[in-house]
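What follows is each chain in one-letter form.
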Amino acid sequence: MLITILANITVATIILTLLAFAISVMIKQGKEESCASCSTKKRSACKGCQFADKCH
Amino acid sequence: MQTLALIGNPNCGKTTLFNLLTGTSAYVGNWPGVTVEKKEGMTNGHRILDLPGIYSLSPYSPEEKLSRRYILDEQPDLIIDVIDATNLERSLYLTNQLAELGRPLLLVLNMEDLLEKEGITIDAKRLSQMTGAPVVQISASKGTGIEALQAQIEKSLSEKKLPLCPLFSNFVERYISEIIGDDYLHQIPKGRQMRWAAIKLIEADELFLSSMPAPPPAFKTYIEKARKELEAHFEDDPEAIIIDQRYKVAEHIAKDCQIKKKTKKGFEFDSIATHRFAAIPLFLAIMAGVFYLSIGLVGGYTTPLLEELFAFLGEQVHLIADRFGVFPLLSGILADGIIAGVGAVLTFVPQLFVLFLLLSILEDCGYMARIAFIMDRMMRTLGLSGKSIIPLVIGTGCTVPAIMSSRTIEHQKQRELTVIVTPFIPCGAKMPVFALMLTYFFPGKWFIAPMIYLLGIVAVVVTGLLARALDRHKETNAFILELPRYQLPSPRNTWLQTRERTLGFIQKAGTIILLSSVIIYLLSSYSFTLQAVDAEQSMLAMLGKLIAPIFAPLGFGFWQASVALLTGIAAKESIVSTLSVTIGTANLGALFTSDSALSYMTFILLSSPCIAAISAMFKELGSKRKLLYAVLWQTGFAYLAALLVRLIVLLTL
């Protein structure tokens, strides 16, 4: 019984860790690599737009 | 901390030098216009900036404006002017303009290794005397002369010696001296040189004039008189006169500092590669070879092996999970969702690595620029800018940076049209779908793969012609596309670019594909009442069946194909993982036929791109209405093209 509970917790932890990692990387990528994070707010522009000094 | 600014003509090797000095891995391409924005790094404790390649500091293109504004406003401690040593005279035009800015200048003669081959000898000492700036000879691609350059950078930073300003003919100099003598010139913004400001006044440079207060009437009258007298004397407009004067100085310096031997010309590959009729068939043949090697040869061996590996891994996870009594929901998510979905995408890594490697080699050796040259003529006929070719070439990797690079196109309509047609070019993310379909339905028929590129180009042409026909105010502009010389691909550049693209692909598999695989698994395993059911009764099937009839005329009116298209909006690779989770890649033949597979590929190629690219399109178009029209046009065009392809296949087979 204990082994079953532990096995379920382990598998659930693996899945949640993978999902959390995927989401955090996607958020980071969104900010760094594309204009997806750019808005009219100050310092919200992505790296490319900051450099180009031209984010629409 | 002091600031260095790297500047020079397009394709003179600035980014290669930037990478060497900073130890970074910024993307380098053997064709002009790669650096659209400025890049920043550190070298020996100094801040260094890689500015976009420009031919002059006249504020016409965004790159010229960016570079000029940066140097004038940010006042770098040292300007490093990278000169293509084999094109000294042309490069010196920019050098003359930089000297007028009154900042310490260092001239770097790059590509010294090619001088001997081209029969050119440069007297660096004489060049330094004539320009008043130190000169260092290097080869950025070979990595030679870098230590001497670093030593000279330190020396120049401590000396802060200003270069000599190029002197024009006496007739022009007389007006410059008189303008400098006027009190109005004391009002120039901080950091601007009097001589530079006087030249700008003669040129009537709008950007400069807008930064100045209104001149007193007497001074304004004098400037107008000076311009008229110059026009009468040289029979040209003042701006052209100044350009001509700078070229004369450049010509004089180049003549004095270099000796060119005449070299015999043998067979030139360009006579075929840029030939009006032979170029496109050659391009298709080369692309067919690229696809044969990557998808056919390498993919043929590695994909089945990796498929077996991931299938085995999934089975083992199920076995172990069953033994320990893990809930079927959890083991299903891990094995049938994550491992099956992510694994289906990862099986394409080896062949995509080879594909990206071969494309990088073609780019680095200078062949891709020839394609740009051939396309340039066509682009103009279509109402696109010659510069549109840059986004289209970048689009073979990823559509997002390709769309961003369209910012270099000055004319709004041309820029918007480029943004709309760029997603028609097959990006790396669509390749796994094509590879999957080609492997299962068209084994050995590798001529189909380059046809995908041809179809993308046809879509660009049709859209361009249509836009041209509808546009009442046809815009044309000049674009200098310089053909870079053929060179042996640099292993470092090729490796960096291949690695970046491959890692980007793997990273996508570990992020958006992983997420979508889990969601697809859950939606395909449960009903709306949250009961575990067969896939046919699942939420996903219900959703898919709602939209599937739309695609029935295209031959893929089944829910699995429809939901795969929906997940493709998140990332195009998701189409493969979704098909893998819902059908299983080995069972594709049960639902698809060769005609519906071709029609499916056509629809994926031409329909609206992934959400990241749609977001980039929105940013560049700057309007929700325009974005909606663009997406509707892309999807509508894709639908019609897919229908046409299917009809042709059905009629011919």
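Rules used throughout
Residues numbered from 1 in each chain as written. Chains lettered and ligands numbered in written order. Predicted model: local features only at pLDDT ≥ 70, side-chain atom pairs only at ≥ 80, totals over all residues. Helix = DSSP H or I, 4+ residues; strand = E, 2+ residues; numbered from the N terminus. Buried ≥ 20, exposed ≤ 12 C-beta atoms within 10 Å, placed from the backbone. Contact = placed C-beta atoms within 7 Å. Pairing = 2+ DSSP bridges. Axes fitted to C-alpha atoms, helices over the stretch in contact; angles between N-to-C directions. Core = buried A, V, L, I, M, F, W, Y, C linked by C-beta atoms within 7 Å. Parallel < 35°, antiparallel > 145°, perpendicular 65-115°, else oblique. Nonpolar A, V, L, I, M, F, W, Y, C, P; charged D, E, K, R; others polar. Left-handed = near helix turned anticlockwise from the far one by under 90°. Expected span 1.5 Å × (residues − 1). pLDDT = per-residue confidence, 0-100.

**Q** Describe the overall build of chain B, naming the residues involved and giving the relevant values.
**A** What chain B contains, in helices and strands, is 29 helices and eight strands. Here chain B, with 653 residues, has 49% of them falling under the buried criterion. Sequence-distant contacts in chain B: of pairs separated by 6 or more residues, those separated by 24 or more amount to 73%.

**Q** Describe the overall build of chain A, naming the residues involved and giving the relevant values.
**A** Each helix and strand in chain A was counted, giving two helices and zero strands. Taking all 56 residues of chain A together, 18% fall into the buried category.

**Q** A description of the sheet that holds strand E1 (residues 3-8) of chain B should follow, citing residues and the corresponding values.
**A** Pairing between the strands of a sheet comes from backbone hydrogen bonds, and it takes one of two forms, parallel or antiparallel. Residues and elements named next belong to chain B. Ordered in space as E2-E3-E1-E4-E5-E7, the six strands form an open sheet in which the pairing is mixed. Each having just a single partner strand, strand E2 (39-43) and strand E7 (135-137) make up the two edges of the open sheet. Strand-to-strand twist across the sheet, computed as the mean angle between neighbouring axes with direction ignored, equals 25 degrees. Pairing analysis gives five bridges linking E2 to strand E3 (residues 46-50), with the strands arranged antiparallel. Each bridged residue has a counterpart across the sheet, and for Met42 the counterpart in E3 is Arg47. Against the sheet, helix H3 (residues 88-100) touches E1, strand E4 (78-84) and strand E5 (105-110), its axis set at about 165 degrees to E4.

**Q** Describe the pairing of E1 of chain B, and please don't skip the residues or the numbers.
**A** All names here are of chain B. Of all six residues that make up E1, five are buried, and the element is covered over most of its length. Summarising the sheet, E1 and E3 pair through four bridges and their orientation is parallel. Across the sheet, residue Thr3 finds its bridge partner in E3, namely Arg47. Where E1 meets E4, five bridges bridge the pair, whose relative direction is parallel.

**Q** Lay out the nonpolar core with the relevant residues and their values.
**A** Among the nonpolar cores identified, the biggest contains 114 residues, and Phe434, Met437, Tyr600, Met601 and Met617 of chain B are the most heavily contacted of them. Once residues lying within four places of it in the same chain are set aside, the contact partners of Met617 of chain B are Ile403, Val419, Leu627 and Ala630 of chain B.

**Q** I'd like to hear about the packing of helix H20 (residues 431-441) of chain B against helix H27 (residues 594-606) of chain B, residue by residue, with values.
**A** All names here are of chain B. Axis separation between H20 and H27 bottoms out at 10 Å; the angle between their running directions is 170 degrees. With respect to H27, the axis of H20 lies roughly antiparallel. Contact residues: H20 offers Val433, Phe434, Met437 and Phe441, while H27 offers Ser594, Ala597, Tyr600, Met601 and Ile604. Partitioned by chemical class, the residues of the contact of H20 with H27 number eight nonpolar, one polar and no charged.

**Q** Break down the packing of helix H15 (residues 349-364) of chain B against helix H22 (residues 491-525) of chain B for me, citing the residues and quoting the values.
**A** Residues and elements named next belong to chain B. Their axes nearest at 9 Å, the elements H15 and H22 cross at an angle of 145 degrees. The handedness of the crossing between H15 and H22 is right-handed. Contact residues: Val349, Leu352, Phe353, Phe356, Leu357, Ser360, Ile361 and Asp364 in H15; Asn493, Thr494, Gln497, Thr498, Arg501, Thr502, Phe505 and Ile506 in H22. Residues of the contact of H15 with H22, tallied by class, amount to eight nonpolar, six polar and two charged.

**Q** Report on helix H11 (residues 238-257) of chain B, specifying residues and quantitative values.
**A** Taking 1.5 Å per residue, 20 residues should reach 28 Å; H11 of chain B reaches 29 Å between its end C-alpha atoms and fits that length. Buried residues of H11 of chain B: Pro238, Ile241, Ile242, Gln245, Arg246, Val249, Ala250, Ile253, Ala254 and Cys257 of chain B, and no others.

**Q** Break down H27 of chain B for me, with residues and values.
**A** In an α-helix, one full turn covers 3.6 residues, which means residues spaced three or four apart are oriented alike. Residue and element names in this part refer to chain B. Helix length check: H27 (13 residues) gives 19 Å between terminal C-alpha atoms against 18 Å at 1.5 Å per residue, within 8%. Among the 13 residues in H27, 12 count as buried, and that is most of the element. Within the sequence span of H27, burial applies to Asp595, Ser596, Ala597, Leu598, Ser599, Tyr600, Met601, Thr602, Phe603, Ile604, Leu605 and Leu606. Buried-residue contacts for H27 involve H20, helix H21 (448-470), helix H24 (559-567), helix H25 (574-582) and helix H29 (624-652).

**Q** Requested: an account of unusual backbone geometry, with residues and values cited.
**A** At Ala204 of chain B, a position not held by glycine, the phi torsion is positive, near 60 degrees. Residue placement: Ala204 of chain B occurs in the loop between helix H8 (194-203) and helix H9 (206-210).

**Q** Go over the confidence of the model for chain B, please, and point to the residues and values.
**A** All names here are of chain B. Mean pLDDT for chain B: 84, with 91% of residues reaching 70 or above. Element-level pLDDT for chain B is lowest in helix H16 (residues 367-381), with a mean of 71, against a maximum mean of 94 in H27. Within the model, pLDDT remains below 50 along residues 27-36, and this stretch shows 43 contacts once partners closer than five positions in the same chain are excluded. In the predicted complex, the global pTM is 0.63; the interface-specific ipTM is 0.72.

**Q** Please provide a residue-by-residue account of the environment of Ala641 of chain B, values included.
**A** Residue and element names in this part refer to chain B. Within the secondary structure layout, Ala641 lies in helix H29. Its 22 C-beta neighbours within 10 Å are what place Ala641 among the buried residues. When the C-alpha positions of Ala641 and Ala459 are compared, they lie 8.8 Å apart, and in sequence the two are 182 residues distant. In contact with Ala641, other than residues within four places in its own chain, are Ala459, Thr602 and Leu606.

**Q** Give me the environment of Met437 of chain B: which residues, what numbers.
**A** Residue and element names in this part refer to chain B. Its place among the elements puts Met437 in helix H20. Exposure remark for Met437: the 22 C-beta atoms within 10 Å place this residue in the buried category. Spatially, the C-alpha atom of Met437 lies 8.7 Å from that of Ser594, the residues being 157 residues apart in sequence. Non-local contacts of Met437, meaning those with residues more than four positions away in its chain, are made with Ala597, Tyr600 and Met601.

**Q** I'd like a description of the environment of Met451 of chain B, backed by residues and values.
**A** Position of Met451 of chain B among the secondary structure elements: in helix H21. Separated by 163 residues in sequence, Met451 of chain B and Ala288 of chain B have C-alpha atoms that sit 8.6 Å apart.

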